[in-house]
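Residues per chain, in single letters:
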Amino acid sequence: MSVEQAPVQRADFDQVMVPNYAPAAFIPVRGEGSRVWDQAGRELIDFAGGIAVNALGHCHPALVKALTEQANTLWHVSNVFTNEPALRLAHKLVDATFADKAFFCNSGAEANEAAFKLARRVAHDRFGPDKHEIISTVNSFHGRTLFTVSVGGQPKYSDGFGPKITGISHVPYNDLEALKAQISDKTCAVVIEPIQGESGVVPADLAYLEGARKLCDEHNALLIFDEVQTGVGRTGHLYAYQHYGVIPDILSSAKSLGGGFPIGAMLTTDDIAKHLVAGTHGTTYGGNPLGCAVACAVLDVINTPQTLAAVTAKHERFKARLEKIELFSLVRGVGLLIGCVLTDVWKGKAKDVLNAAEKEGLMVLQAGPDVVRFAPSLVIEDADIDEGLDRFERAVAKLLQG
Ligand SMILES: *Cc1c(COP(=O)(O)O)cnc(C)c1O
């Protein structure tokens, strides 16, 4: 039995939603694979992937099956009880990574919040209260809770909300000497995005991550990789640390992990995990059976040599054509996290490129004002890549015509 729903339009957003977002003028209503349809029935190709979330596109049959089967079985029991999907997901993640233990939550910010609290708790237990400083990088992004915007350190996200969390410093990204100068025996953790996502798709240099690992070891500090954007196959490896071969102590994951269903995870080793004893941290929904069942299905599809190899092949397919586009001075990124840096003439105009693409029936992202970002489904059909790039080239041609 279908229930009659009141019609809603984009104008309702301004009327009844808190204005912290500025969504596009159209409302997507349905998706299938890498195609999306809006209220007017217009079809768009999705190169945005819900901001690196819809790793298997829209309504992937394996995810629909996992979600509906779980929806007919058990939704929620809280962490007063454990549940089978959470245990299965933890096994999959532990088997596939450096980690021995998993903690589940509902977003990237929460995964990082857990990581930062754990790092401070470990240092507190082992060395005392003075060892609480966290070193982060300039232009990093770790989420929107007060702790995570404080660690992110970008004033546009963290200013104007009263006192920030203290004991945090920021050093330039990819600058090992700066990290070396800042790190001390008071440092409890260094947190790095292996590829800075939100602020321009900037990959770390291998020597930088290797050097950070060494400095952390020398100072008894934990190395945290924020893999919320780079994780779960995005780089053609399950996690970006595997692409680099540098192993963190704590890793945060979210976005693609649920393929569109909200879930986050913090992964770590036995030795570190043991400091988060019963009662020290938690969240009501964390490890929810619905989210965990979907994430299990996500991993089953993505964590295969075939799917991961295809991500690298699709990167080349994108890059070959993007490199010929005259708006861009550089195409960077790994796997299906691609950033195209605008030339000096087009600097600051990423939003105009997004709008032009939308007019041609294509959803893309920006990563700051100077970079156009592509984070499509990891299983996007080659035909959809080609058609999407045709549309993108048409949008660029129109922009160039003025
Ligand atoms: C998106 C993102 C976050 C925040 O995740 P939310 O689910 O929005 O809380 C944290 N870190 C990185 C690197 C991200 O890209």
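Residues numbered from 1 in each chain as written. Predicted model: local features only at pLDDT ≥ 70, side-chain atom pairs only at ≥ 80, totals over all residues. Heavy atoms only, no water.

K.L.:
How should the site of the ligand be read in this particular structure?
P.N.:
Neighbouring the ligand are the residues Ser-107, Gly-108, Ala-109, Asn-112, Phe-141, His-142, Gly-143, Glu-193, Asp-226, Val-228, Gln-229 and Lys-255. Measuring from an oxygen atom of the ligand, one finds a backbone N or O atom of Ala-109 at 2.7 Å. Residue Phe-141 places a main-chain N or O atom 3.2 Å away from a nitrogen atom belonging to the ligand. Protein chains shield 81% of the accessible area of the ligand, which is 380 Å² for the free molecule. Ranked by residue count, the leading element in the shell around the ligand is helix α5 (residues 108-127), at three residues. Taken together, the residues of the shell around the ligand sort by class into three nonpolar, six polar and three charged. (Near = heavy atom within 4 Å. Polar contact = N/O pair within 3.5 Å; in protein donor to acceptor, adjacent residues only side chain to side chain. Areas by Shrake-Rupley, 256 points an atom, 1.4 Å probe, with all protein chains shown as cover. Helix = DSSP H or I, 4+ residues; strand = E, 2+ residues; numbered from the N terminus. Nonpolar A, V, L, I, M, F, W, Y, C, P; charged D, E, K, R; others polar.)

K.L.:
It is not clear to me how the sheet that holds strand β6 (residues 168-171) should be interpreted in this structure. Could you clarify?
P.N.:
Two modes of strand pairing occur in sheets, parallel and antiparallel, and in both the strands are linked by backbone hydrogen bonds. What the seven strands build is an open sheet, ordered β4-β12-β11-β10-β7-β5-β6; its pairing is mixed. If you trace the sheet from one side to the other, it starts and ends with β4 (101-105) and β6, each paired once. Taken over all neighbouring pairs, the strand axes of this sheet differ in orientation by 20° on average, direction set aside. Pairing geometry for strand β5 (residues 133-137) and β6, over four bridges, is parallel. In the strand pairing of β6, Ser-136 is matched with His-170. (Pairing = 2+ DSSP bridges. Axes fitted to C-alpha atoms, helices over the stretch in contact; angles between N-to-C directions.)

K.L.:
What am I meant to see in the layout of surface pockets here?
P.N.:
To locate leftover empty space, one rolls a probe as large as a water molecule over the atoms. There is about 680 Å³ of room inside the second largest pocket. Lining the second largest pocket are 28 residues, with Asn-79, Ala-102, Phe-103, Phe-104 and Gly-286 sitting closest to its centre. Looking at the lining of the second largest pocket, the elements with two or more residues in it are α4 (84-96), β4, β12 (264-268) and α11 (270-273). Of the residues forming the lining of the second largest pocket, the biggest block, four residues, is contributed by β4. Taken together, the residues of the lining of the second largest pocket sort by class into 13 nonpolar, twelve polar and three charged. (1 Å grid on protein atoms, 1.4 Å probe; cavity = no way out; pocket = protein on both sides within 12 Å on 5 of 7 lines; lining within 4 Å. Points joined across faces, edges and corners; volume = space filled by probe spheres on them.)

K.L.:
What should I look at first to understand the nonpolar core in this one?
P.N.:
What tends to happen in soluble globular proteins is that the nonpolar side chains get buried as a cluster. The biggest cluster of nonpolar side chains holds 94 residues, and the ones touching the most others in it are Leu-322, Val-372, Phe-374 and Phe-392. The biggest single contributor to this core is helix α12 (residues 289-302), with eight residues. Residue-level mapping places this core at the junction of two domains, with at least three residues from each of domain 1 (10-59 + 305-401) and domain 2 (74-302). Not counting the four nearest positions on each side in its chain, Phe-374 is found in contact with Phe-47, Phe-318, Leu-322, Leu-336, Leu-337, Ile-338, Cys-340, Val-364 and Phe-392. With 22 residues, the next largest nonpolar core counts Phe-103, Ile-168, Cys-188 and Ile-224 among its residues. (Core = buried A, V, L, I, M, F, W, Y, C linked by side-chain atoms within 4.5 Å. Buried < 20%, exposed > 50% of the residue type's maximum accessible area, 1.4 Å probe, protein only. Domains from an automatic or database assignment. Contact = heavy atoms within 4.5 Å.)

K.L.:
What exactly am I supposed to notice about the packing of helix α3 (residues 61-71) against α12 here?
P.N.:
The description of two packed helices rests on the angle between their axes and on the distance between the axes. Contact pair α3 / α12: the axes reach a minimum separation of 9 Å and the direction vectors enclose 155°. When the axes of α3 and α12 are compared, the pair comes out roughly antiparallel. Note on packing geometry: the crossing formed by α3 with α12 is right-handed. Each of Ala-62, Leu-63, Ala-66, Leu-67, Gln-70 and Ala-71 in α3 lies in contact with α12, whose residues at this interface are Pro-289, Leu-290, Ala-293, Val-294, Ala-297, Val-298 and Val-301. (Parallel < 35°, antiparallel > 145°, perpendicular 65-115°, else oblique. Left-handed = near helix turned anticlockwise from the far one by under 90°.)

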